[in-house]
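Report on the structure
The primary structure of each chain is shown beneath.
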Amino acid sequence: MNIYNDYLKQIENRKEQGLHPQPIDGAELLSQIIEQIKDLDNEHREESLNFFIYNVLPGTTSAATVKAKFLKEIILGESIVKEITPTFALEQLSHMKGGPSVKVLLDIALGNDADLAKQSAEILKTQVFLYEADTDRLEEAFKSGSEIAKDIIESYAKAEFFTKLPEIDEKIEVVTYIAGVGDISTDLLSPGGDAHSRSDRELHGQCMFEHNKDMQNELLALKEQHPDKRVMLIAEKGTMGVGSSRMSGVNNVALWTGVPFSKYVPFINFAPVIAGTNGIAPIFLTTVGVTGGIGLDLKNWVQQKDAEGNTVRDEDGEPILKETYSVATGTILTINTKEKKLYNGDKELKDISAAFTPQKMEFMKAGGSYAVVFGKKLQTFAAKALGIEAPQVYATAKEVSIEGQGLTAVEKIFNKNAVGTSGATLHAGSYVRAEVNIVGSQDTTGLMTSQELEMMAATVISPIVDGAYQSGCHTASVWDDKSKANIPRLMSFMNDFGLITGRDPKGKYFPMTDVIHKVLNDITVGDWDIIIGGDSHTRMSKGVAFGADSGTVALALATGEASMPIPESVKVTFKGQMKSYMDFRDVVHATQQQMLKQFGGENVFQGRVIEVHIGTLTADEAFTFTDWTAEMKAKASICISEDDTLIESLEIAKGRIQIMIEKGMDNAKQVLKGLVDKAETRIIELKTGMKPSLRPDANAKYHAEVIIDLDQIVEPMIADPDVNNEDVSKRYTHDNIRPLSYYGGTKKVDLGFVGSCMVHKGDMKILAQMLKNVEAQYGKVEFKAPLIVAPPTYNIVDELKAEGDWEVLVRYSGFEFDDNAPKGEARTGYENMLYLERPGCNLCMGNQEKAAPGDTVMATSTRLFQGRVVKDSGEKKGESLLSSTPVVVLSTILGRTPTMEEYEAAVDGIVLTKFKPSTKQLVR
């Protein structure tokens, strides 16, 4: 059976799902389609023409290469297709975004046919995705006297690819749609369980609103009723897009409500309009900008104040909110992009200037941030080639420099890594292009990242990136047919692109399913580094890390740069002394609780960098804090460490990177060896005092300062989804932190989970010691609820084996993972025993294994959103309570939440953390 017939079979199968033919990205299929087009008598010729013109993915896909080659033949008259004239062929090339299409356009523009050269040059003037090979050709032709090349370069210098685009509409009418009340997780827009389909945009679009067909039909009805308006998706009384960047979530919103990118490129839409009463989560807002969308902070519900200006609270102490204007579904509003205000008819509702900064308006005009980034690089090239100063076309980068004011840690990092600035010292609010040191891609968004790289015609990682890693952690627990089809292809692409990959396409080293954040935390060996990663938990304990959508990751890989405002910072310091029976996870939760209490319920962390003066904790345990800052809705976080602590962290990182090298994971460019060398250099700088660890200036300015009193942390702290709260907006929020005693030792626990990026080697050792303690106390270890344990990395497993702790865990377990026979399907039920699972994300991700519907899960995870770790049943809502390792372990042994007496006995003699506030000066 030939490949085309297979494609027709696939089309019939998709019809049954209400889907169109899948876009073509493979050379073999498109080559056969072209042969059928050339055969005038072929029974499939008409449909083949349609597939060729309207259903081929652009960029650097192998299909795009074949398509560009055939279009070139048509343009040059080497092939005749009556339905595709040379002019039409050129038009199609203009929509293919770069790579092989740009090569063809350059071939023709620099060729001998003057008329075709001129037509091709006009199209090239609209293109921005050019790389060194393309610009080198142009510059060489220009230097050789080519007038066409000169004309193109002069156009690039003026940035006509941007200036000649239509301006964004002054007035944009929208009709509102309330997608939910309270914080809306990106899981609602793109469920984790559907991660396997993200690269198939039309198929993935069916999961919008977690497959809720009623909501989908309501949205379609709104569009039909208001064909001249855009639909604005809203999180009422909450924040939109919490939890992750989820490019697939924005893609889904754009697919349902946005503007088609090109009539020749199916299912790629842009410019969605998204809003929230409490704005949009920072990481998700970045993704909205990638697509040229509009993200609004509505503030349509505000805290009521009394006559003295104090917040009015209900009987539970919660602020009472008052609606200032309605955005109920079906409300027609007007976004005035010139005045930067939101209107209902003639009534002004809200200043929305934060959504229409000069940079964001450029993204909207260009159709997304990529085009702006590449456009600026192209203009810089052209101006240099012509020997002129680049005309000021794009908005001047905002530079905020305050004389006499010191720098926060994040301001110092951005000043070090900034490019293209005036040289002034920059403070928060400045808009900065910055070089990126480390980039991470994970497997459920990596397929989209690879697509984005193909779409922007990138073929190799930027040479200024120190290191990049592609993980296999989100598909680690179940190696099913979907994973077998997708992940090897992803690993091969990323390995060829220049990343270190968890799986070796050549099979020389054993597949690693290590959690992406843990690997990045090890390979980040610079406290002044900038890290970009394809997951919201890209929050390193060294340097400053930003979780990002798959497209921003692709941009960082291709260009080695990221562009963003320097965020404000909130300083967190500690006082007091920890109780011996407290875990550092309790400090993390207490930080959130005490911050909210200190600021009257206002989350001062949201959208800002948390500068935590951690001082004495090495990278592993410090990561527990930085990792959780995603749940605090922070933009990022930075650990301020003592020099000796940083040295210890770097030595650990060196050792783990060396193990990766010994396993054969380094590439031809010896990226991993380079990181070891960088770590050694940094250690020497620290030991000699040549360059101490990163610290803020004593006179730095912060948005707020939070002091955490360790003396107040007297019992374990649990993040509770509060699933039965009468106020829907207060369910599934990470801000609801409760002490262990709240549950009275009586709350039934159906399943426990120790794993995800929030645990480290120390947690595994605590687990082993607790099991021995329980056996000594009760004579045996008997689980009354299942306990799932998933170490985050293989390195940790190896270290535990060497130190004897893994043997302890195996002795008490009923299941140990076998890499030679990974599970092919998810479990549907658990026995009351300990399961030692393969390193990776496991339950936390929600895309493979789950708890039974309606279960109450006690987990070390980060996600408590509805449907993530556990779904609701018909009788009971599923609950995902988040706590420390000791609480999880004891809850599964007892089958319920423990009392304080039971908890203290179980952790007796175990050193849970060595954290104490630093006594050294952590400012300059």
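Residues numbered from 1 in each chain as written. Predicted model: local features only at pLDDT ≥ 70, side-chain atom pairs only at ≥ 80, totals over all residues. Heavy atoms only, no water.

**Describing the overall build of the protein**
- Per the secondary structure count, the protein includes 31 helices and 33 strands.
- A globule of 924 residues ought to have a C-alpha radius of gyration of about 29 Å, and the protein, at 28 Å, matches this closely.
- Seen through its principal axes, the protein has C-alpha atoms that stretch 90 × 65 × 65 Å.
- Per-residue burial for the protein yields a buried fraction of 62% across its 924 residues.
- Of the contacts made within the protein by residues no fewer than 6 positions apart, 73% connect residues no fewer than 24 positions apart.
- About 34,800 Å² of surface is accessible on the protein, with carbon and sulfur atoms providing 49% of the total. (Helix = DSSP H or I, 4+ residues; strand = E, 2+ residues; numbered from the N terminus. Rg over C-alpha atoms; globule rule 2.2 N^0.38 Å. Buried < 20%, exposed > 50% of the residue type's maximum accessible area, 1.4 Å probe, protein only. Contact = heavy atoms within 4.5 Å. Areas by Shrake-Rupley, 256 points an atom, 1.4 Å probe, with all protein chains shown as cover.)

**Some thoughts on the packing of aromatic side chains**
- Following the criterion strictly, the structure yields 20 aromatic pairs and no others.
- Here F88 and Y264 contribute two aromatic rings whose centre-to-centre distance is 5.9 Å and whose plane-to-plane angle is 55°, an arrangement assigned as tilted. Of this pair, F88 sits in helix 5 (residues 86-94) while Y264 sits in the loop between strand 5 (259-262) and strand 6 (265-270); the two residues are 176 residues apart in sequence, bridging distant segments of the chain.
- Residue classification places Y264 among the buried residues on the basis of a relative accessible area of 4%.
- Pairing Y156 with F161 gives two aromatic rings, centres 5.9 Å apart and planes at 55°, and the pair type is tilted. (Phe/Tyr/Trp six-rings, centres within 6.5 Å; stacked < 30°, edge-to-face > 60°.)

**A word on the environment of S541**
- By the secondary structure assignment, S541 is in the loop between strand 19 (530-533) and strand 20 (544-547).
- Given the relative accessible area of 5%, S541 is considered buried.
- Setting aside chain neighbours within four positions, we find S541 in contact with N521, A619, A622, F623, T626 and C639.
- For S541, the side chain forms a polar contact with the side chain of N521, separated by 2.9 Å.
- For S541, the side chain forms a polar contact with the main-chain oxygen of A619, separated by 3.1 Å. (Polar contact = N/O pair within 3.5 Å; in protein donor to acceptor, adjacent residues only side chain to side chain.)

**Quick word on helix 17 (residues 369-386)**
- Here helix 17 spans 26 Å end to end across 18 residues, near enough to the 26 Å set by a 1.5 Å rise per residue.
- Following helix 17 by one or two positions, G387 has its phi on the positive side, about 70°. (Expected span 1.5 Å × (residues − 1).)

**Description of helix 24 (residues 619-628)**
- The buried count for helix 24 comes to 10 of 10 residues, which makes it a mostly enclosed element.
- Regarding helix 24, the residues found buried are A619, D620, E621, A622, F623, T624, F625, T626, D627 and W628.

**Overview of the pairing of strand 16 (residues 438-441)**
- A two-sided burial pattern is seen for strand 16, the buried positions comprising I438 and G440 on one face and V439 and S441 on the other.
- Looking at chain direction, strand 16 and strand 17 (residues 467-470) are connected through 4 bridges and run parallel. Bridged to G440 within strand 17 is Y469.
- The β-α-β motif built from strand 16, the intervening helix 19 (residues 443-455) and the parallel element strand 17 has right-handed crossover chirality.
- In this structure, strand 16 lies alongside strand 19, joined through 3 bridges in parallel fashion. For G440, the partnering residue across the bridge sits in strand 19 and is G533. (Pairing = 2+ DSSP bridges. Right-handed = clockwise from strand over helix to strand, strands pointing away.)

**Concerning the sheet that holds strand 19**
- What the 5 strands build is an open sheet, ordered 18-17-16-19-20; its pairing is parallel. Of all strands in the sheet, those bounded by a partner on one side alone are strand 18 (500-501) and strand 20.
- Its contacts with the sheet place helix 22 (residues 550-559) against strand 16, strand 17 and strand 19, and it is angled at close to 140° to strand 16. (Axes fitted to C-alpha atoms, helices over the stretch in contact; angles between N-to-C directions.)

**Points about the side chain of N486**
- One can find N486 in helix 20 (residues 481-497).
- When neighbours within four sequence positions are excluded, N486 is seen to be in contact with H196 and L447.

**Examining unusual backbone geometry**
- Non-glycine residue A271 carries a positive phi angle of around 60°.
- Turning to its location among the elements, A271 is positioned in the loop between strand 6 and strand 7 (273-276).
- With relative accessibility at 7%, the residue A271 sits in the buried group.
- A positive phi is found at K340, a non-glycine position, where the angle reads about 60°.
- Relative to the helices and strands, K340 is located in the loop between strand 11 (332-336) and strand 12 (341-344).

**Digging into the nonpolar core**
- The biggest cluster of nonpolar side chains holds 152 residues, and the ones touching the most others in it are L233, Y469, F625 and Y903.
- Apart from the residues within four sequence positions on either side, F625 is in contact with V572, F574, F584, V588, T591, I610, V612, I614 and M632.
- With 112 residues, the next largest nonpolar core counts F52, I152, A418 and L426 among its residues. (Core = buried A, V, L, I, M, F, W, Y, C linked by side-chain atoms within 4.5 Å.)

**Some points on the sheet that holds strand 23 (residues 609-615)**
- Taken in spatial order, the 4 strands make up an open sheet running 24-23-22-25, and their pairing is parallel. Edge positions in the sheet fall to strand 24 (636-641) and strand 25 (704-709), since each of these pairs with one other strand and no more. Between one strand axis and the next, the sheet turns through 25° on average, direction left out of account.
- Strand direction decides the pairing type here: strand 22 (residues 569-575) and strand 23, joined by 4 bridges, are parallel. Within strand 23, the position partnered with K571 by the bridge is E611.
- Against the sheet, helix 18 (residues 409-417) engages strand 22, strand 23 and strand 24, with an angle of about 100° to strand 24.
- Sheet strands in contact with helix 23 (residues 584-598) are strand 22, strand 23 and strand 25, and its direction is about 130° off that of strand 25.

**With respect to the packing of helix 27 (residues 761-778) against helix 29 (residues 805-812)**
- Remark: helix 27 packs on helix 29, axes separated minimally by 9 Å, with the N-to-C direction vectors making an angle of 50°. By the angle between their directions, the pair helix 27 and helix 29 is classed as oblique. Here helix 27 and helix 29 pass one another in a crossing that is left-handed. In this structure, helix 27 contributes M764, K765, L767, A768, L771, K772 and E775 to the contact, and helix 29 contributes D805, V808, L809, R811 and Y812.
- A per-class count over the contact of helix 27 with helix 29 returns 7 nonpolar, no polar and 5 charged. (Parallel < 35°, antiparallel > 145°, perpendicular 65-115°, else oblique. Left-handed = near helix turned anticlockwise from the far one by under 90°. Nonpolar A, V, L, I, M, F, W, Y, C, P; charged D, E, K, R; others polar.)

**Things to note about the environment of S422**
- Within the element layout of this structure, S422 appears in the loop between strand 14 (418-419) and strand 15 (431-435).
- Residue classification places S422 among the exposed residues on the basis of a relative accessible area of 58%.
- Along the primary structure S422 and V519 are separated by 97 residues, whereas in three dimensions their C-alpha atoms are 36 Å apart.
- A distance of 2.5 Å separates a polar atom in the side chain of S422 from a polar atom in the side chain of E399.

**What to know about the side chain of R682**
- Summarising the element assignment, R682 is placed in helix 26 (residues 671-688).
- Residue classification places R682 among the buried positions, given a relative accessible area of 5%.
- At 3.1 Å, the side chain of R682 and the side chain of E685 are in polar contact.
- If we skip the residues at most four places from it in the chain, R682 touches V525, D527, W528, L650, K691, P692, S693 and L694.

**Some points on the pattern of salt bridges**
- A complete count under the given rule lists 60 salt bridges for this structure.
- The salt bridge involving D351 is made with K341; its shortest N-O contact spans 3.7 Å. With D351 in strand 13 (residues 347-351) and K341 in strand 12, this residue pair connects regions lying 10 residues apart in the sequence.
- Using a relative accessible area of 38% as the deciding quantity, one classes D351 as partly exposed.
- What emerges from the salt-bridge pattern is a single network uniting D522, D620, R656, K761, K765, E799, E803 and D805. (Salt bridge = Lys/Arg side-chain N within 4 Å of Asp/Glu carboxyl O.)

Interpretation in functional terms is not warranted from these geometric data alone.
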